[in-house]
Amino acid sequence: LRCLVVRPAFLDTQLDPERPEYHRAILVYDDVQQTFLAFSTGVQRSSRLLSMREANALLMLPKQAGSLAPGSIVRAMIIGRLGATASADALGRARDAAASTRPASHHCGCHDAKTTTSHHWSLGILTVSDRCSRGEAEDQSGPRIGELLAPVCDIAQTSIVADDQSTIQSTLVNWCDSLKLALIVTTGGTGMSPRDVTPEATRAVIEREAPGLAHAMMDRGLGATKMAALSRSVCGIRGRTLIVNLPGSKKAVAECAEVLLPLLPHALRLISGANDETGHRAV
């Protein structure tokens, strides 16, 4: 196994001041910055490699107090096959691993290139909750979605609505057809209670389903709790907009974001109609 210097484009975990930590990740190569970006797939607190699943690297986090911010430079232990070079356009949407990134180390023979500027995809966050819509509870999952998807998206619209199918549908249609958002993420209303109608509202407005995203998020959730099987999340496309249903819990939102973040740049590029034959071959 060899170690490389990487730029984590998604990493928000508390470090251990007493000992180093390991964090599993997917590495993709940024041919503009000539370095690797790491997309987190979850914490792995030992060097055992039995539960790595889709990860191809272990980030070797330093022994220190506090957290490691996105854009930090860390080493990685390669544990799987590295994929093909990702497009500069897609990786540019990862905020170039945040504006505060330190200059890259030369431990792996890489050198810094001037960062290119690329817009983020527009994001709408729709929180579906009777209690939050009445002001009886604080929306925690909606803001968390914005934080987790910040490497890829800029928040363009947010709203909190009640568990009412017609209201959810009209909001989704407006955001897709009038605001023309690239991505809409809903949170809440995906369970099995009579008031959980977000999947029905989503299915009523989408033109094509994207079941692979829902399956991948379900698989990730089941790794944390069997209760994830009760989620009925739907993912699909309306026009040039991707709509993704997430559960209402803050913890489940974070788990789903781990799955979505590495996939969104390429998925949104395809939905936008951009010609990305190289990306197709890589996939």
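Refer to the structure above for everything that follows.
Heads up: these notes are all about the structure in this document. Since this is a predicted model, take the numbers as computed values, not measurements.

Moving on, we get to the overall build of the chain. Tallying secondary structure elements over the chain gives eight helices and 11 strands in all. Split into buried and exposed, the 283 residues of the chain put 50% on the buried side. The long-range share in the chain, meaning contacts at least 24 apart out of those at least 6 apart in sequence, stands at 75%. Put simply, the chain shows about 13,300 Å² of open surface, and 52% of that area lies on carbon and sulfur atoms.

With that settled, consider the nonpolar core. Counting residues in each nonpolar core, the largest one holds 31 residues, and the members touching the most others are Leu149, Leu183, Met217, Leu242, Val244, Leu246 and Leu264. Where this core is concerned, the elements lending two or more residues are strand S3 (35–44), strand S6 (121–128), helix H3 (141–148), strand S8 (183–187), helix H6 (211–222), strand S10 (235–238), strand S11 (241–246) and helix H7 (250–271). Element by element, the count of residues in this core is highest for H7, at nine residues. In contact with leucine 246, other than residues within four places in its own chain, are Ile145, Val185, Thr186, Thr187, Gly188, Thr190, Met217, Ser233, Val253, Cys256 and Leu260.

Turning our eyes to something else, we now look at the layout of surface pockets. One number sums up the size of the second largest pocket: a volume of about 370 Å³. If you go around the second largest pocket, you meet 21 residues; those closest to its centre are Met227, Ala228, Ser231, Pro247 and Ala252. Elements with a minimum of two residues in the lining of the second largest pocket: H6 and H7. Its residues assigned to classes, the lining of the second largest pocket shows nine nonpolar, nine polar and three charged.

What follows concerns the side chain of threonine 198. Locating threonine 198 in the fold gives a position in helix H5 (residues 198–205). Filtering out sequence-adjacent residues up to four positions away, threonine 198 remains in contact with Val128, Ile168, Thr186, Gly188, Gly189 and Asn245.

Glancing now at the sheet that holds strand S9 (residues 208–209). Pairing is mixed across the open sheet formed by six strands, whose spatial order is S7-S6-S8-S11-S10-S9. Because the sheet does not close on itself, it has two edges, and the strands there are strand S7 (153–161) and S9. Sheet analysis places S8 next to S11, joined by five bridges and oriented parallel. Considered in S11, the bridge of leucine 183 is made with leucine 242. Its contacts with the sheet put helix H4 (residues 165–178) on S6, S7, S8, S10 and S11, and the angle it makes with S6 is roughly 175 degrees.

Here we take up the packing of H4 against H5. Two elements in contact, H4 and H5, have axes separated by 9 Å at closest approach and are oriented at 45 degrees. Here H5 runs oblique to H4, going by the angle between their axes. The way H4 lies across H5 gives a crossing that is right-handed. Residues Gln165, Ile168, Gln169, Leu172 and Val173 of H4 touch H5, and the partners they reach there are Thr198, Glu200, Ala201, Thr202, Ala204 and Val205. The class makeup of the residues in the contact of H4 with H5 is six nonpolar, four polar and one charged.

Calculation criteria
- Residues numbered from 1 in each chain as written.
- Predicted model: local features only at pLDDT ≥ 70, side-chain atom pairs only at ≥ 80, totals over all residues.
- Heavy atoms only, no water.
- Helix = DSSP H or I, 4+ residues; strand = E, 2+ residues; numbered from the N terminus.
- Buried < 20%, exposed > 50% of the residue type's maximum accessible area, 1.4 Å probe, protein only.
- Contact = heavy atoms within 4.5 Å.
- Areas by Shrake-Rupley, 256 points an atom, 1.4 Å probe, with all protein chains shown as cover.
- Core = buried A, V, L, I, M, F, W, Y, C linked by side-chain atoms within 4.5 Å.
- 1 Å grid on protein atoms, 1.4 Å probe; cavity = no way out; pocket = protein on both sides within 12 Å on 5 of 7 lines; lining within 4 Å.
- Points joined across faces, edges and corners; volume = space filled by probe spheres on them.
- Nonpolar A, V, L, I, M, F, W, Y, C, P; charged D, E, K, R; others polar.
- Pairing = 2+ DSSP bridges.
- Axes fitted to C-alpha atoms, helices over the stretch in contact; angles between N-to-C directions.
- Parallel < 35°, antiparallel > 145°, perpendicular 65-115°, else oblique.
- Left-handed = near helix turned anticlockwise from the far one by under 90°.

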